[in-house]
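The primary structure of each chain is shown beneath.
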Amino acid sequence: MKITVTYLQDTQIFMRKRGKQKEMQKFKTKVLSFLLTLCMLTGMIQPMGALVVQAAEATNVAAEAISTSEMTVSVSGTTSEDAEADKDHIFDGSNGTYWTSQVADSDVSDGSTWLQVDLGKIYTVEAVDYTPRWHNAEYWACTGNIKKLVIEVSADGTEFTEVATEDISSKIAKTNNGTYFPHKVSFEATDARYIRIKGTESYHWQEENANKYITVADLVVYGAEVTAPVEVDKAELNGKLS
């Protein structure tokens, strides 16, 4: 009988200790959840979801030729109504079809002559291929071919930022060297929807008309589509951690 009572007493002591251990474990879990939530709310650490988003955004760096299916073209003006229709040929891959601007207000460096491409959405852009008119596949010295190229970009179509200037005057020459163009102009990757082509110097066979027009035969824009970041619902996350 004494042995039975002693056994029961030992069992009760053991169960009380085990219950306290469980309560202590629950308390530690709640404290840890609170600390994790506090750190995420204050930005000290990020939830795994945010880390996944950052890794996905890093893959957007690889730039390819952007599809022209959603692109539209606008211009400052043209030499004639017939020429204006040619602005839509700048994506046809031909250096024989082209667009030529109207006469500049003073000269092309005043910014009054330009061709603008709306990509249709925001991309991270980092390069443009420019091809001028190749006259009868004989030479690149044609009216309006840009000798000093300027590229500007914009996210909203209103505020433009210059991202590249390039002197290609040595290629605008009376030569049938077909390897001269397209000419790739690379620049720091920038988020933009609009690309604007301008120039500060351009060719004309009559010296008095030099720097009065710009001409674009073909364009290719390189970039990667910008993916919107995934938003994490902190309230829902807190509920899962509690």
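Everything quoted here is computed from the prediction, not taken from an experiment.

What am I meant to see in the overall build of the chain here?
Within the chain, the secondary structure is distributed over four helices and nine strands. Mapped from its N terminus to its C terminus, the chain presents α and β elements in the order α-α-β-β-α-β-β-β-β-β-β-β-α. Counting the 242 residues in the chain, one finds 34% classified as buried. In the chain, the share of contacts with a sequence separation of at least 24, taken over all contacts with a separation of at least 6, comes to 76%. Carbon and sulfur atoms form 53% of the exposed surface of the chain, whose accessible area is close to 14,600 Å².

Could you clarify how one ought to interpret the pattern of salt bridges in this entry?
Side-chain pairing between opposite charges can occur once the charged atoms of the two side chains come close. One pass over the full model with this rule turns up seven salt bridges. Between Asp88 and Lys87 there is a salt bridge, and its shortest N-O distance comes to 3.8 Å. Here Asp88 falls in the partly exposed class, since its relative accessible area comes to 48%. Taking the shortest distance from any N to any O, the salt bridge between Lys198 and Glu152 comes out at 3.3 Å. Taken together, the residues span a long stretch of sequence, with Lys198 in strand β7 (residues 183-202) and Glu152 in strand β5 (residues 146-154) at a distance of 46 residues.

I would appreciate a short explanation of the packing of aromatic side chains in the present structure.
For any pair of aromatic rings, the description rests on two quantities: the centre-to-centre distance and the angle between the ring planes. Within the structure shown, the criterion is met by three aromatic pairs. For the ring pair Tyr130 and Phe181, a centre distance of 6.4 Å and an interplane angle of 90 degrees mean the geometry is edge-to-face. One end of the pair, Tyr130, is in strand β4 (residues 115-131); the other, Phe181, is in the loop between β6 (161-167) and β7, and 51 residues separate them in sequence. The class for Tyr130 is buried, based on a relative accessible area of 1%.

Got a minute to help me understand unusual backbone geometry in this structure?
Outside of glycine, negative phi angles account for most residues, and trans bonds account for most peptide bonds. The omega torsion across Phe181 and Pro182 is 10 degrees, close enough to zero to call that bond cis. Mapped onto the fold, Pro182 is located in the loop between β6 and β7. Positive phi is not limited to glycine here, since Ala137 has a value of about 55 degrees. Topologically, Ala137 is positioned in the loop between β4 and β5. With relative accessibility at 45%, the residue Ala137 sits in the partly exposed group.

Is there a simple way to explain the side chain of His183 in this structure?
Topologically, His183 is positioned in strand β7. The exposure class of His183 is buried, given its relative accessible area of 12%. A polar side-chain atom of His183 sits 2.8 Å from a polar atom in the side chain of Lys171. If we skip the residues at most four places from it in the chain, His183 touches Val128, Asp129, Tyr130, Glu166, Ile168 and Lys171.

The rules behind these values
Residues numbered from 1 in each chain as written. Predicted model: local features only at pLDDT ≥ 70, side-chain atom pairs only at ≥ 80, totals over all residues. Heavy atoms only, no water. Helix = DSSP H or I, 4+ residues; strand = E, 2+ residues; numbered from the N terminus. Buried < 20%, exposed > 50% of the residue type's maximum accessible area, 1.4 Å probe, protein only. Contact = heavy atoms within 4.5 Å. Areas by Shrake-Rupley, 256 points an atom, 1.4 Å probe, with all protein chains shown as cover. Salt bridge = Lys/Arg side-chain N within 4 Å of Asp/Glu carboxyl O. Phe/Tyr/Trp six-rings, centres within 6.5 Å; stacked < 30°, edge-to-face > 60°. Polar contact = N/O pair within 3.5 Å; in protein donor to acceptor, adjacent residues only side chain to side chain.

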